[in-house]
Amino acid sequence: MNIVKWMRKNNRQLMAFVVIFIMVSFVGGYALQQLLMQFASSRTGALWSYRGGQIKRAEFLQAQKELEILRALQMPIYLRYKQTIMGGPDIRANMLGHLLFPEAGSASMLSEQLLSAQMQGRLLLTHEQMDEIFRRDINMSPQFWIMLHAEAEQAGSVVSMSDATELLKGLVPRLTAGPEGQGGISAKDLVGLIMKRDRVPEDQIIGTFAKMLAVLNYAQMVTVREDLTVNQLRGQIARKGDSVAQVRPEQISAELVKFPIVNFTDSIDEPKDLELTQQLNGFKANEPGRASKENPYGFGYKLPPRVQLDYLLIRQEQVKETIEPPTPEEMELFYQQNQDNTQYSNIFKQRIPPDPNDPAAEEIQKTRPYAEVAGRVRDILVRQKTNRKADMIINEARSLCDAPFAGMDPAEVTGEQLSQAAVEYGVIAGQLKDKYKLQVYSGRTGWLSAEEIGQDSTLSRLSMQGQTRIPVRLSKMVFAVEPLKTTTLNRFEGLTPKMWANLGPLKDSFSEYTQMSALVRVVAARPAEEPADIAVSYSTQGIALDDPNQAMGRVFSVREQLVEDVKLVKAIPMARQRAEEFLKMIQEDDWDKAVTAYNEKYAKDDDNHKIALDKLRDRNRTTMLEIQKMKQMIREYPVAASYYEETLQTGQLLERLLPLIPDGQTEAQAALNRVLEFEPSRVVYAIKSVTRKPVTIQDYVKAKPLASYQIDAAISDTLSVVHFNPENVLKRMEFKVVDEEETSSSSEAGISGPADEPQEDKGV
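Residues numbered from 1 in each chain as written. Predicted model: local features only at pLDDT ≥ 70, side-chain atom pairs only at ≥ 80, totals over all residues. Heavy atoms only, no water.

Draft legend 1. Broad picture of the environment of G156. With respect to the element layout, G156 can be found in the loop between α9 (141–154) and α10 (161–175). Residue G156 is classed as exposed on the basis of its relative accessible area, which comes to 57%. (Helix = DSSP H or I, 4+ residues; strand = E, 2+ residues; numbered from the N terminus. Buried < 20%, exposed > 50% of the residue type's maximum accessible area, 1.4 Å probe, protein only.)

Draft legend 2. Quick look at the packing of aromatic side chains. What the rule picks out here adds up to 16 aromatic pairs. On the numbers, 5.3 Å between centres and 70° between planes, the contact of F334 with Y344 is edge-to-face. Placement of the pair is F334 in helix α16 (residues 328–337) and Y344 in the loop between α16 and α17 (345–348), with a sequence separation of 10 residues. With relative accessibility at 5%, the residue Y344 sits in the buried group. For the pair Y335 and Y370, a centre-to-centre distance of 5.4 Å together with 70° between the ring planes defines the contact as edge-to-face. With Y335 in helix α16 and Y370 in helix α18 (residues 370–402), this residue pair connects regions lying 35 residues apart in the sequence. Taking the relative accessible area as the measure of exposure, Y335 reaches 7% and is therefore buried. Three or more aromatic residues joined by ring pairs form one cluster here, namely F259, F582, W591, Y598 and Y602. (Phe/Tyr/Trp six-rings, centres within 6.5 Å; stacked < 30°, edge-to-face > 60°.)

Draft legend 3. A look at the sheet that holds strand β18 (residues 736–737). Taking strand neighbours across the sheet as the criterion, the three strands line up as β2-β1-β18 in an open arrangement whose pairing is antiparallel. The two strands at the open ends of the sheet, each matched to only one other strand, are β2 (53–56) and β18. Strand direction decides the pairing type here: strand β1 (residues 46–50) and β18, joined by two bridges, are antiparallel. Note that in β18 the partner of S49 across the bridge is K736. Contacts from helix α4 (residues 57–72) reach β1 and β2 within the one sheet, and its direction differs from that of β2 by about 80°. Packed onto the sheet, α9 meets β1 and β2 and runs at close to 40° relative to β1. (Pairing = 2+ DSSP bridges. Contact = heavy atoms within 4.5 Å. Axes fitted to C-alpha atoms, helices over the stretch in contact; angles between N-to-C directions.)

Draft legend 4. Looking closely at helix α24 (residues 558–585). Between its first and last C-alpha atoms α24 spans 40 Å; for 28 residues at 1.5 Å apiece the expected length is 40 Å, and the two agree. For α24, the principal kink sits at A571 and spans about 40°; a proline, P573, occurs within the next four residues. The residue sitting at the N-terminus of α24 and contributing the capping side-chain oxygen is S557; that oxygen lies 3.3 Å from the backbone nitrogen of R559. (Expected span 1.5 Å × (residues − 1). Bend = angle between axes of the 7 residues up to and from the residue. Polar contact = N/O pair within 3.5 Å; in protein donor to acceptor, adjacent residues only side chain to side chain.)

Draft legend 5. Layout of the environment of E580. Tracing the chain through its elements places E580 in helix α24. Residues E580 and V675 lie 95 residues apart in sequence; the distance between their C-alpha atoms is 6.8 Å.

Draft legend 6. Spotlight on the side chain of Q316. Tracing the backbone through its elements, the reader meets Q316 in helix α15 (residues 316–319). Residue classification places Q316 among the buried positions, given a relative accessible area of 5%. At a separation of 3.2 Å, a polar atom in the side chain of Q316 contacts the main-chain amide nitrogen of M516. In this structure, Q316 is in contact with T386, N387, A390, T514, Q515, M516 and S517, ignoring residues within four places of it in sequence.

Here you go:
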């Protein structure tokens, strides 16, 4: 039968079916959607599996829908800016937000926030552990949402609908507040809008929010420590005190005379090669400075990872000589346009009393007259012009250096290919010098370790701007090159550099007060290795500028280090013997006379070897968290290593002095006269007295609540980062593709494909 004739004959029945279908779709849309999804899932196998379950197409689509509900409820904002009861960022919520609502901007903010917390000692993680979180862009929000909720549910973490409703009532108006303190939309109205727009029942909206709360609650259960001991609290308060409760920490004082062991090496003969070889063989596998029970003085000769760098550098003070000075018109225009600029409020604004005769009256803000600030306006414009021209020059240098690499695939090109095509920095420097009539520095460094880069007055200041406000240090970039990879760059810090690739522009400061700009490239690299013999040596020269002291060659010699250490070993008994001899000179506890007598006998004409009665006054002991922080800073910020090592050694010395005080007493003074060999500083001490000012019981009671919170917060935040680390979640939940042959393309889409692309925050 002709289809047209059939439709004409049965048009009434067809119209009735269409009307009924439309009514069912309109009235029971959600139920129909669920029915269709169930039908689809019954015909589709699982795409992924995890511990305790599988993810089919229907579950995946449902998870996407629930995440959209959370977006509509403004949960990305809630998780991103949630704070603890003490007003600090809630790391646990921040990390969950990073997993469920990945966005480049918020991820870079989180990276910066975690790095800041780590530098302050509030996160006990290394840079490598934090970089792992942002190492790659993992767009698996639906899968993470399913697994995290399943994990919480398996552990019995559930939030009731009534509790979720009450929390949402108080939360939504704050998350949707308007400008100038205007009240936000109510939870009831927001839920109503979502129901109307997305045709989702109310219980699903509230239930989805309850699921998220359950995930947060479970994370709190597994990351918050509640097993703090009394000794832990006492130790924290004794070492840290509490500024809020006005409790001073325990303080240690001591009187002592220092006998540096190195002062006794002058009289020791030069060791023979056999002695040097024996010393090298005993500690050549040890890293220098790593003290241990078996190696208390920290002998070590393993050579660190090293790089050789080419550099091209310009200095702003020389660029300034080539710019045109600002005109009076430019200065007046800048003054008019920036009077209300908050960046310059300290220059253009002042607060004065409205009535000079009434100094107690409330001050008002007034704009300074142009004549008063003209000089500072000129300085600002000079700096701006200087920086613009310096940026232009260094960017031109970068273009000239990159020109030979045109047409090369950055992902496929090798360091050897780059080295063959690279142009000498000296050639580029000569061109720029002739063109701009200013000094352009270029050259090649010696073999530099991270510590030597940190000690170089120029290289230690250079960094490159990444996607966060915290610049990427040069030492981190150059040791991330392919042959070494002793450091790693996360996705906000840039791509892993290749040998001979140009790094920059680098600056010492990303502000108007920049003093230098540079390009750097790694031209050679060597991993950590044991020295072949005692004759190993190499240049450690850094960047040589106008300072004649910098131009002097610096060389590291294994032989010189071995000679110093062998002499030190031989001098230890001499230093100990001299300290004991000094104690015998003390008559009637008069240490000053003994010091004078010793100096008359051994250092009458040698000020460098004279001794003195030193005093440590009211020193605070170091907490374990601070010790871990300092050790980490020594490894990751070599430029500050000397400061942290000195602080760390002082803390270690206090811990060695404290046992000299008898139990139950606060001082060890009368005829103490003890010799203490302190290996970390390579010093022998003669101890006169040790005094302790302990924390009282009353102070302990006052400081206990906050101290327990601080300890728990540091450990909890650290564990929260580990708990929500994307790689850890996948490993912990045993996530894997079910059928690689059938779903490999689906898996790839789930990890980085369009199905999981981060969505823009949607309003309601």
